[in-house]
Amino acid sequence: MANDFLYSQPVKIWFGEGKIRELGEILKDTGASRCFLVCDRFLRPAAEKLMGEIPEICGIFSDIEENPQISGVREAALLIRSLGADSVAGMGGGSTMDTAKFAAAIACESEDALAYFRGVRKFPAKRLPMIAIPTTAGTGSEVTQVSVTSCGKEKKTINDPAFMPRAALVDPELTYSVPKRTTMNTGLDALAHALEGYWSRNHQPIPDLMAAEAVRLVLGNLERAWRDGNDREARRNMSMAALLGGLSFAVPKTAGCHACSYPLSEDYHLPHGEACAFTLSAFVRINADDRLEKLARDAGLSGTEELAERIDELKRIGGLRTRLSDLEDLDFDRLCRDCEAHPLMKNNPVEMTAGSLRKMFETLA
Ligand code: ZN
């Protein structure tokens, strides 16, 4: 039947304030007796404290760059092998999660990380279980099989079952210290995941429901979390929104905004969330239909136009770049071409050509 679907979500999710203090038990539940911890640089002291308390943690790697490099994956995988670790935990933002996922996927084999990055080798069937511990509320990486890594300037998004975490530990308390700008960027990334999963050509009934709730939570809580990072309720709701956002696109995949985000972040250095937000309201207007109208109304808005306006307002409040004139050394033709060529653009419900993208970007002039 045309409306049949297959839905699967293989990650065991642990959610709650202070959940990080149960990491030892969660590792045991995952079958981990020697867990290698990958974390953001600035989380190193916290990671060392955890290592002192939890005997299952056997080593730490925190040499993560902003655009995680394949050399970091290689180094982490070598350490994992030399320590005889049987599992990998990633604690941090998107970059850390990307590195931990990749390293866990290849650590059982001696083949160099570059062979997998280049696609010369398929990911091995045998891999280590990965436990994702997000410290920002946005990427949803804890429930997706996506990893973005770079080799020098060459950036690649790899979507492979080898990257699916075994477990996710989502502790809203870990997000309390996230700076304002990152709170807004990552929160809008979560909103983009929910909306794009919802309007994706491959949308499905179960992710649709999660998308609707994620949109409602972001609209009701992102500004609050941005204004006061210690607003426990807003932070909890944003952690939940990010998790649901991840679940919204894990199966249907994202579409136009994420397609445009890659040239915007590679060539104009916008952080991922800011790059997704750049075209988000424009795509709300382009993709507006009865389904999206219903989602906007269910989220308490008057309709899709108000949804687009709310997104623009959040970007303005957060001081994000919103216009083409904010991009340095703009090569407009190339930007339109690269956005059109990105594979995710094919997932957008309204077909986008270089011409229609040009028109869309002109509304952001
Ligand atoms: Zn994203």
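Model, not experiment: these values are computed from the prediction. (Residues numbered from 1 in each chain as written. Predicted model: local features only at pLDDT ≥ 70, side-chain atom pairs only at ≥ 80, totals over all residues. Heavy atoms only, no water.)

Chemist: For this particular structure, what's the right way to read the sheet that holds strand β5 (residues 130-134)?
Modeler: By definition, the strands of a sheet pair up through backbone hydrogen bonds, in either a parallel or an antiparallel sense. The strand order β1-β8-β5-β4-β2-β3 describes an open sheet built from 6 strands, whose pairing is parallel. The open sheet terminates on both sides in strands that have one partner only, identified here as β1 (12-15) and β3 (57-61). Adjacent strand axes in the sheet meet at a mean angle of 20° when their direction is disregarded. Summarising the sheet, β1 and strand β8 (residues 167-170) pair through 4 bridges and their orientation is parallel. Looking at the pairing, Phe15 lines up with Val170 of β8. Against the sheet, helix α4 (residues 94-106) contacts β2 (35-39), β3, β4 (87-92) and β5, and its axis sits at roughly 170° relative to β4. In the packing of helix α8 (residues 232-250) onto the sheet, the strands contacted are β1 and β8, and the crossing angle to β1 comes to about 170°. (Pairing = 2+ DSSP bridges. Helix = DSSP H or I, 4+ residues; strand = E, 2+ residues; numbered from the N terminus. Axes fitted to C-alpha atoms, helices over the stretch in contact; angles between N-to-C directions. Contact = heavy atoms within 4.5 Å.)

Chemist: Just checking my understanding: could you explain the nonpolar core for this structure?
Modeler: Note on soluble globular proteins: their nonpolar side chains tend to be buried together. By size, the foremost hydrophobic cluster in this structure holds 71 residues, and its most contacted members are Leu195, Trp199, Cys260, Leu264, Phe283, Leu307 and Phe361. Here this core takes 10 residues from helix α7 (residues 205-227), the largest share from any one element. Residue assignment places this core across two domains, with domain 1 (12-174) and domain 2 (178-362) each supplying three or more. Discounting residues that sit within four places of it in the chain, Leu264 has contacts with His269, Leu270, Ala275, Phe278, Thr279, Leu327 and Leu335. (Core = buried A, V, L, I, M, F, W, Y, C linked by side-chain atoms within 4.5 Å. Buried < 20%, exposed > 50% of the residue type's maximum accessible area, 1.4 Å probe, protein only. Domains from an automatic or database assignment.)

Chemist: Hey, could you run me through the side chain of Gln204 in this one?
Modeler: By the secondary structure assignment, Gln204 is in the loop between α6 (180-199) and α7. Taking relative accessible area as the criterion, Gln204 reaches 10% and is therefore assigned buried. Side-chain polar atoms of Gln204 contact the backbone oxygen of Leu6, separated by 2.9 Å. Discounting residues that sit within four places of it in the chain, Gln204 has contacts with Phe5, Leu6, Tyr7 and Val251. (Polar contact = N/O pair within 3.5 Å; in protein donor to acceptor, adjacent residues only side chain to side chain.)

Chemist: I'm lost on the pattern of salt bridges in this one. Help?
Modeler: Side chains that differ in sign of charge can pair as their charged atoms come close. What the rule picks out here adds up to 30 salt bridges. Two residues, Arg21 and Glu173, come together in a salt bridge whose shortest N-O distance is 3.8 Å. Note that Arg21 is positioned in the loop between β1 and α1 (23-29) and Glu173 in the loop between β8 and α6, a separation of 152 residues in sequence. By relative accessible area, which is 26% here, Glu173 ends up partly exposed. Put simply, Arg321 and Glu274 hold a salt bridge, and the shortest N to O gap is 3.0 Å. Here Glu274 lies in helix α10 (residues 272-278) and Arg321 lies in the loop between α13 (304-318) and α14 (332-341), a separation of 47 residues in the sequence. For Arg321, a relative accessible area of 27% corresponds to the partly exposed category. Residue classification places Glu274 among the buried residues on the basis of a relative accessible area of 0%. Salt bridges linked by common partners bring Glu223, Arg227, Arg310 and Glu313 together as one network. (Salt bridge = Lys/Arg side-chain N within 4 Å of Asp/Glu carboxyl O.)

Chemist: Looking at this model, I keep getting lost on the coordination of the zinc ion. Mind explaining?
Modeler: In an ideal tetrahedron of four donors about a metal, each angle is 109.5 degrees. In an ideal octahedron of six donors, the angles are 90 or 180 degrees. Distances from the zinc ion to its protein donors, Asp189 (OD), His193 (NE2), His258 (NE2) and His272 (NE2), fall within 2.1 to 2.2 Å. Classification of the site at the zinc ion as irregular follows from its 4 donor atoms and the range of 84 to 168° in their angles at the metal. All donors to the zinc ion come from one chain, and their sequence spacing reads D-x3-H-x64-H-x13-H. Of this pair, His258 sits in helix α9 (residues 256-268) while His272 sits in helix α10; the two residues are 14 residues apart in sequence, bridging distant segments of the chain. (Donors = N, O, S within 2.8 Å, 3.2 Å for Na, K, Ca; no water. Tetrahedral: all angles 85-135°; square planar, octahedral: opposite > 155°, others 65-115°.)

Chemist: How do you make sense of unusual backbone geometry when you look at a structure like this?
Modeler: A negative phi angle characterises most non-glycine residues, just as the trans form characterises most peptide bonds. The residue Lys253 is not glycine, and still its phi comes out positive at about 70°. Tracing the backbone shows Lys253 in the loop between α8 and α9. For Asp329, which is not a glycine, the phi torsion comes out positive at approximately 50°. By relative accessible area, Asp329 is classed as exposed at 71%.

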